[in-house]
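Now for the letters of each chain:
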Amino acid sequence: MEFKQLEVFAAVVDYSSFSEAARRLYLTQPTVSAHIHALEKELNSRLIIRTTRQLTVTERGRQLYDCAVQMLNMRNHLIEEFTGNQWKLIELSASTIPSSYLLPELLGKFAQNEANIHFHVSQSDSEDAVQKVLQGTVDLGLVGARISSDTCEFLPFYQDSMVVATAVNERYLTLFRRGASFSDFLKEPFILREKGSGTKKELDLFLEEHNLNASDLNVVAHMNDLESIKKSIVSGLGISILSACSVKDLEKTKQILLFPLEESAHKRTFYLVYNKHRILKPHVRRFLRFVQHYYTTL
């Protein structure tokens, strides 16, 4: 048994994928398969069951994984002592709002109590962020919508309100002073997020509750970039329905007006998502627990 075999085995378990393990370790997939086969032959145990649909770690495989991680950590500790390279990596995929408005605070607070943690964050829409979790290219995702998947676990960690965001002008100021319902905005020019974003999914749910759909709105633009939408609202191009936390900065500087959605507009939930078939490293599990409970302790 060699360290390289254990490293390959741990990578296959971590990423739930032979091909991704090969890519991360700069090996060919046949080489990865050969290392796993050699381990199974030497230990006379089936460690991994691979089908065309998914990869499953056996009970013996999980036992070996725990031992392998300890051995590799001991080896890495010796290397770190001599090289000074002591940080641990957490790879995240995040949709727009968690990435821009929640993660900066979360990462800063977590780093205060966890030394030598390095984060790599890729930003995309919710669908793509979940896909990265499914593919095993990241440890965790932070998204604004649940995606149908038997493989992923979604853990709620933050709730936010949906609001109508408008420019500051006499028409909207009048509505603001007297109070407005969503029906007051139906003829207004709307700017919508593109398909795939959690915000768009929440809007579709809200419209469905009111027996409406996007085609009933006066849509003047579709945009994927949230900052572009915010600037377009300020400039008077149109109004939009957005997460409150994403536009609080412009409300504070009195560049926009925010109108809460009424009765049936439930709170929007943001989720931590991980692959149920992937064994998370200890420092990743600590971060998951930290995020899951952070807002309940404020």
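Refer to the structure above for everything that follows.
Read on for a plain summary of the structure. Not measured: the values here are computed from a predicted model.

Concerning the environment of I229
Residue placement: I229 occurs in helix 9 (residues 226-235). Residues I229 and R193, spaced 36 residues apart in sequence, show a C-alpha to C-alpha distance of 8.1 Å. If near-sequence neighbours (up to four positions away) are discounted, I229 is found in contact with I191, L192, R193, M223, S240 and L242.

Here's the deal with the pattern of salt bridges
The final tally for this structure, using the stated rule, is 14 salt bridges. As a salt-bridge pair, K201 and E127 come within 3.4 Å of each other at their nearest N and O atoms. Residue K201 is located in helix 8 (residues 198-209), and its partner E127 is located in helix 6 (residues 126-135); the two are separated by 74 residues in the primary sequence. Given a relative accessible area of 33%, E127 falls into the partly exposed group. Here the salt bridges share partners, and the residues they tie into one network are E20, R23, R24 and E91.

Some remarks on the sheet that holds strand 3 (residues 88-94)
As summarised here, the arrangement of the five strands in space is 4-3-5-12-6, forming an open sheet in which the pairing is mixed. The sheet is open, and its two edges are formed by strand 4 (117-123) and strand 6 (152-160), each paired on a single side. Averaged over all pairs of adjacent strands, the angle between strand axes in this sheet comes to 25°, irrespective of strand direction. Sheet topology note: the strand 3/strand 4 ladder contains seven bridges and is parallel. Within strand 4, the residue paired with I90 across the bridge is F119.

Some details on the packing of aromatic side chains
Summed over the entire model, instances satisfying the criterion amount to 14 aromatic pairs. Pairing Y158 with F270 gives two aromatic rings, centres 6.0 Å apart and planes at 45°, and the pair type is tilted. Taken together, the residues span a long stretch of sequence, with Y158 in strand 6 and F270 in strand 12 (residues 268-275) at a distance of 112 residues. Classification of Y158 as buried rests on a relative accessible area of 19%. Given the relative accessible area of 0%, F270 is considered buried. Members of the aromatic cluster, joined through ring pairs, are F110, F119, F157, Y158, F270, F287, F290, Y294 and Y295. One cation-aromatic arrangement involves R50 over F18; the distance from NZ or CZ to the ring centre is 3.8 Å.

Rules of the game
For every chain, the first residue of its written sequence is number 1, and the numbers climb from 1 along that sequence. With the structure being a predicted model, the display of local features is reserved for residues of pLDDT at least 70 and the display and counting of side-chain atom pairs for 80 or more, all residues being used for whole-chain, interface and lining totals. Heavy atoms from the whole structure form the basis of all side-chain values; hydrogens and water molecules are not counted. We count a stretch as a helix when DSSP gives it H or I for four or more residues in a row; a strand needs E for two or more, and each element gets its number in order from the N terminus. Should any heavy atoms of two residues lie within 4.5 Å, those residues are considered in contact. Definition used for salt bridges: Asp or Glu carboxyl oxygen within 4 Å of a side-chain nitrogen of Lys or Arg. Buried residues are those whose accessible area, probed at 1.4 Å on protein chains only, stays under 20% of the maximum for their type, while exposed residues exceed 50% and partly exposed ones sit between those limits. The pairing criterion is simple: DSSP has to find at least two bridges between the two strands. The convention used is that axes are lines fitted to C-alpha atoms, helices contributing only their stretch in contact, and that angles between N-to-C directions extend from 0 to 180 degrees. Stacked, tilted and edge-to-face pairs are distinguished by plane angle, under 30 degrees for stacked and over 60 for edge-to-face with tilted covering the rest, among Phe, Tyr and Trp rings (Trp via its six-membered ring) whose centres lie within 6.5 Å. In this scheme, the term charge over a ring applies when either NZ of a lysine or CZ of an arginine sits within 6 Å of the ring centre and within 35 degrees of the ring normal.

Functional significance is not addressed by these values, which are geometric in nature.
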